[in-house]
Amino acid sequence: MSKQAKKSNQDSLAKHSTTLERRAAKEQARVLEQTRRVEARALRENWFNLDNAALIYPAIGSTEWNSVFRISAVITDVVDPKLLEQALGDTLKRYPFFNVSLCDGLFWHYFQPLSTAPKVELETSYPCRPFAFSPKSQIFRVLYLDNKISFETFHSLTDGGGAMRFFNTLLVRYFELTGVKYQNLSDFDLNVRDLPLIEESEDAFRRFADKGRCKPRKEAVAFAIKGPVENSSILKVIIGSVDIHELKECAKSYGATVNEFLSAVYLSAMIAEKHHSNQKNKRPVKLSVPVSLRRFYPTKTMRNFSQYLNYEVPVERENASFPELVEIVKEQSKNIRLEYFQQMFNTNIRSERNFFVRILPLALKDPILKFVYNRVGERLFTSTLSNLGITRLPPELNDKILNYHFILGATKLNDINLTAVTYADNCSLTFSTRLVELRIIRDFFKTLSGLGIKVKIISNI
């Protein structure tokens, strides 16, 4: 065979091979698309178990209080409620497992899909009001007021990480409906045209739990901040806006991360409050900091998948200087590792799978869970600092969104909490409280100012 014939034959084989590869890729894409559509249908039609972290919230809640948090975006223009409602409907097609109600089963609470999307609401009351649960009502709400859009949800549905992705998808779609054209939306995974995946609604705790070591539940009870509180329907919100670059530089000067630095500032304010109110209290000041487990495990879940680390200042070290407080926090931050959190949720999953726990009827299970939580839940920390980190959106929205806010509703036993969220150059530090006296908040922002960080305060009071 001539060289020319051989080359022609090789070219023909290569072309045929390329054609087969293309056909195979096309068939693979078709099967994947079909699979995703089946998964999407299943997500709309099936009921869901609550994830392991979500189980406690229905048990400890009531008609007057349940665990609710909020994420808000302040935008440049007045909100168009019709477009916002259309964006919400489109977003729920992408994440159908958010459109559920909370129902009571024989042994556990469960989520039941709803066939209708909720209406957006004009904001008329204080943030994070409780949900009234029924088989036909959603457990999240989307609100608007002037140039602000807010997403509130019952904590059983998702955590801060899952809520932020849902909310950002909603915002991206809303602005698309107003006329914004995106160049590389696929880079941000916020496209309502993507099909839902079952793994996005998985209980990652159950998936990654193993038969390894468990973490002992015994832990020191924390100092509790006491004082006169407002009516249960009132939630005071005080937001301090700071430049993230100033905050990072100040934290860096102490060899700390932003979260470690903020934790030390907040701990110093709580210690000052303890000394002001009760010098003889022998319980330590402790700060609970949620940590997203998505950084450790390969999961796309948008349900709860967080654990916490409690920073504790020993009573004998409460007079430590601020640099020493930072070092205390940094030393305890060494527990932010996979093995530590693995042991924590191994313990919780093992309890959930206990035969006697599983067969206990819900009518008996809920009061027991509530009793246990009241004894070893929030009593193990003085307050919470929850940091959602940096929010990134398509560059086309740079001149559309001014700021983000993150608000924790009042918890069951502790009357003050702190959150952080960063967008562009701004970090919003938000206190939510029912306390009448705001000395802790003043001390916190006074400390930041004293360290050279400029703070702009806004409030709903």
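This text goes with the structure placed above it.
Residues numbered from 1 in each chain as written. Predicted model: local features only at pLDDT ≥ 70, side-chain atom pairs only at ≥ 80, totals over all residues. Heavy atoms only, no water.

Student: I would appreciate a short explanation of the pattern of salt bridges in the present structure.
Tutor: Pairing of side chains with opposite charge becomes possible as their charged atoms draw close. If you walk through the whole model with that rule in mind, you get 28 salt bridges. Here Asp-203 makes a salt bridge to Arg-206, at a shortest N to O gap of 2.3 Å. Here Asp-203 falls in the buried class, since its relative accessible area comes to 10%. Put simply, Glu-219 and Lys-286 hold a salt bridge, and the shortest N to O gap is 3.0 Å. Linking Glu-219 in the loop between α5 (204–208) and β8 (236–243) with Lys-286 in strand β9 (residues 285–292), this pair joins segments that are 67 residues apart in sequence. The exposure class assigned to Glu-219 is partly exposed, which follows from its relative accessible area of 26%. In the salt-bridge network here, residues are joined through shared partners; they are Arg-70, Glu-123, Arg-141, Lys-148 and Glu-152. (Salt bridge = Lys/Arg side-chain N within 4 Å of Asp/Glu carboxyl O. Buried < 20%, exposed > 50% of the residue type's maximum accessible area, 1.4 Å probe, protein only. Helix = DSSP H or I, 4+ residues; strand = E, 2+ residues; numbered from the N terminus.)

Student: Just checking my understanding: could you explain unusual backbone geometry for this structure?
Tutor: Glycine aside, the phi torsion of most residues is negative, and most peptide linkages are trans. For Cys-128, which is not a glycine, the phi torsion comes out positive at approximately 60 degrees. In this fold, Cys-128 is placed in the loop between β5 (121–122) and β6 (140–145).

Student: Before we go on, may I ask you to explain the environment of Thr-153 in this structure?
Tutor: Of note, Thr-153 is situated in strand β7 (residues 148–154). Taking the C-alpha atoms as reference points, Thr-153 and Pro-130, 23 residues apart in sequence, are found 9.4 Å from one another. Among residues more than four places away in sequence, those in contact with Thr-153 are Ser-67, Val-68, Phe-69, Phe-131, Ile-139, Phe-140 and Thr-158. A polar side-chain atom of Thr-153 sits 3.4 Å from the main-chain carbonyl oxygen of Ile-139. (Contact = heavy atoms within 4.5 Å. Polar contact = N/O pair within 3.5 Å; in protein donor to acceptor, adjacent residues only side chain to side chain.)

Student: How do you make sense of the pairing of β7 when you look at a structure like this?
Tutor: Consecutive residues of a regular strand have side chains that alternate between opposite faces of the sheet. With 6 of 7 residues buried, β7 lies mostly within the body of the structure. Of the pairings in the sheet, the one linking strand β2 (residues 68–75) to β7 comprises 7 bridges and is antiparallel in character. By the bridge assignment, Val-68 is partnered in β7 with Phe-154. In terms of strand pairing, β6 meets β7 through 6 bridges, oriented antiparallel. Directly across from Tyr-144, in β7, lies its bridge partner Ile-149. Taking the residues that link successive antiparallel strands as the turn, the β6-β7 hairpin has 2 residues, and the phi of Asp-146 there is positive, at about 55 degrees. (Pairing = 2+ DSSP bridges.)

Student: Sorry, what's going on with the sheet that holds strand β1 (residues 48–49) here?
Tutor: In a beta sheet, neighbouring strands pair by backbone hydrogen bonds and run either parallel or antiparallel. Ordered by their spatial adjacency, 3 strands build an open sheet running β1-β4-β3, and the pairing between neighbours is antiparallel. Each edge of the open sheet carries a strand with a single partner, namely β1 and β3 (100–104). As paired elements, β1 and strand β4 (residues 109–113) share 2 bridges and run antiparallel to each other. Note that in β4 the partner of Phe-48 across the bridge is Phe-111.

Student: Help me understand a nonpolar patch on the surface, please; the structure alone is not making it clear to me.
Tutor: A contiguous nonpolar patch, built from Leu-106, Phe-107, Phe-355, Phe-356 and Ile-359 and spanning about 540 Å² of accessible area, is present on the exposed surface. Among the structural elements, Phe-355 can be located in helix α10 (residues 355–359). (Patch = residues over 30% accessible without salt bridge, like charges linked within 9 Å, V, L, I, M, F, W, Y side chains within 5 Å. Areas by Shrake-Rupley, 256 points an atom, 1.4 Å probe, with all protein chains shown as cover.)

Student: Would you mind going over the nonpolar core with me for this structure?
Tutor: For soluble globular proteins, nonpolar side chains are generally found buried alongside one another. Core analysis: the biggest nonpolar cluster contains 63 residues, and Ile-401 and Tyr-404 have the highest contact counts within it. It is helix α4 (residues 160–177) that provides the largest number of residues to this core, a total of 9 residues. Dropping the residues within four chain positions of it, Ile-401 is found in contact with Ala-73, Val-74, Ile-75, Leu-171, Phe-175, Leu-393 and Tyr-423. (Core = buried A, V, L, I, M, F, W, Y, C linked by side-chain atoms within 4.5 Å.)

Student: Which parts of the structure should I look at to understand empty space enclosed by the protein?
Tutor: Over the atoms rolls a probe the size of a water molecule, and its path tells where empty space is left. Taken as a whole and judged by the stated rule, the model has 2 cavities of 30 Å³ or more. Considering only enclosed or pocket space, the largest cavity measures out at about 50 Å³ in volume. If you trace the largest cavity, you find it lined by Phe-48, Phe-97, Phe-98, Phe-111, Leu-157, Met-302 and Arg-303. Here the lining of the largest cavity is built from residues that sort into 6 nonpolar, no polar and 1 charged. Considering only enclosed or pocket space, the second largest cavity measures out at about 30 Å³ in volume. In terms of lining, the second largest cavity is formed by Ala-224, Ile-225, Thr-382, Leu-413, Asn-414, Asp-415 and Ile-416. Grouping the amino acids of the lining of the second largest cavity by side-chain chemistry returns 4 nonpolar, 2 polar and 1 charged. (1 Å grid on protein atoms, 1.4 Å probe; cavity = no way out; pocket = protein on both sides within 12 Å on 5 of 7 lines; lining within 4 Å. Points joined across faces, edges and corners; volume = space filled by probe spheres on them. Nonpolar A, V, L, I, M, F, W, Y, C, P; charged D, E, K, R; others polar.)

Student: Would you mind showing me how to read helix α9 (residues 338–353) here?
Tutor: Helical geometry note: an α-helix holds 3.6 residues per turn, so side chains three or four residues apart project in the same direction. Its 16 residues place the ends of α9 22 Å apart at the C-alpha level, agreeing with the 22 Å of an ideal helix rising 1.5 Å per residue. Buried within α9 we find Tyr-340, Phe-341, Gln-342, Gln-343, Met-344, Phe-345, Asn-346, Thr-347, Ile-349 and Glu-352. (Expected span 1.5 Å × (residues − 1).)

Everything listed here is a matter of coordinates, which is why it stays silent on function.
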